[in-house]
Amino acid sequence: MKDKFLTAAIDEAAKGLSEGGIPIGSALIKDEKIIGRGHNKRVQKKNPMIHAEIDCLMNAGRIGTYKGTILYSTLMPCYLCAGAVVQFGIKKVIVGESVTFSGAKEFMESHGVEVIDLKDDECISMMKEFISKNPELWNEDIGEL
């Protein structure tokens with residue numbers, strides 16, 4: 001059975017795709033409850049900063065301390081999002097996959113963040129399909145245009 005919090009992140013990714021955006025989703029967990037969720041809105045909002053993890057943190061709002069929180073993402077966070085993880089002191093990140101994008105795992109780990117890659121088939125296939133259909137948009141997202 002799939003982790004319910006990863007499922008919430010996948011639901012967010014699907015929402016982003018249905019809006020014409022990039023299918024990456026995220027959820028912030030505290031005390032076994034979702035306190036924030038979000039998805040990549042770079043395309044929809046015409047804003048290069050609104051990655052899934054950033055949207056999730058914005059939607060969680062001011063929570064005081066991030067001690068004890070876990071950030072879920074369908075894809076390994078990039079350096080922008082990994083920087084937010086480190087800045088806010090989030091100590092555990094669980095990702096759906098890093099096959100399509102290796103991201104900033106080593107950066108987070110070097111700052112004391114535990115990173116768990118679930119290698120989830122659904123997350124992998126969702127991103128592979130998106131990338132094959134939208135290579136220019138994907139390359140723009142990861143800064144490789």
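Check the entry above for the structure.
Residues numbered from 1 in each chain as written. Predicted model: local features only at pLDDT ≥ 70, side-chain atom pairs only at ≥ 80, totals over all residues. Heavy atoms only, no water.

Caption draft 1: Structural context of the overall build of the protein chain. From N to C terminus, the protein chain includes 7 helices and 5 strands. When the helices and strands of the protein chain are listed from N to C terminus, the series reads α-β-β-α-α-β-α-β-α-β-α-α. For 145 residues, the compact-globule estimate of 2.2 N^0.38 gives 15 Å, and the C-alpha radius of gyration of the protein chain, at 14 Å, lies within 12% of that figure. Over its C-alpha atoms, taken along the principal directions, the protein chain stretches across nearly 40 × 35 × 30 Å. Among the 145 residues that make up the protein chain, the fraction classed as buried is 48%. Looking at the protein chain alone, contacts between residues at least 24 apart form 55% of all its contacts between residues at least 6 apart. Between the averaged position of the 18 positive side-chain charges in the protein chain and that of its 21 negative side-chain charges there is a distance of 7 Å. (Helix = DSSP H or I, 4+ residues; strand = E, 2+ residues; numbered from the N terminus. Rg over C-alpha atoms; globule rule 2.2 N^0.38 Å. Buried < 20%, exposed > 50% of the residue type's maximum accessible area, 1.4 Å probe, protein only. Contact = heavy atoms within 4.5 Å. Lys, Arg positive; Asp, Glu negative; His and termini not counted. Charge placed at Lys NZ, Arg CZ, Asp CG, Glu CD.)

Caption draft 2: Seen up close, the sheet that holds strand β1 (residues 25–30). What the 5 strands build is an open sheet, ordered β2-β1-β3-β4-β5; its pairing is mixed. One side of each edge strand has no neighbouring strand; the edge strands of this open sheet are β2 (33–39) and β5 (114–117). Adjacent strand axes in the sheet meet at a mean angle of 15°, parallel and antiparallel pairs treated alike. Across 6 bridges, β1 lies against β2 in antiparallel orientation. (Pairing = 2+ DSSP bridges. Axes fitted to C-alpha atoms, helices over the stretch in contact; angles between N-to-C directions.)

Caption draft 3: Inspection of the nonpolar core at higher detail. The biggest cluster of nonpolar side chains holds 28 residues, and the ones touching the most others in it are Leu-28, Met-108 and Trp-138. Mapped by element, the contributors of at least two residues to this core are α3 (52–60), α4 (79–88), β4 (92–95) and α6 (121–133). Examining the composition of this core, we find that 5 residues originate from one element, α3, more than from any other. Listed in part, the 12 residues of the second largest apolar core include Phe-5, Ala-8, Ala-13 and Ala-27. (Core = buried A, V, L, I, M, F, W, Y, C linked by side-chain atoms within 4.5 Å.)

Caption draft 4: Spatial organisation of the packing of aromatic side chains. The final tally for this structure, using the stated rule, is 4 aromatic pairs. Their ring planes at 90° and their centres at 5.9 Å tell us that Phe-101 and Trp-138 sit as a pair that is edge-to-face. Of this pair, Phe-101 sits in the loop between β4 and α5 (105–110) while Trp-138 sits in helix α7 (residues 135–141), placing them 37 residues apart in sequence. What makes Phe-101 buried here is its relative accessible area of 19%. Looking at Trp-138, the relative accessible area reads 5%, which means it is buried. (Phe/Tyr/Trp six-rings, centres within 6.5 Å; stacked < 30°, edge-to-face > 60°.)

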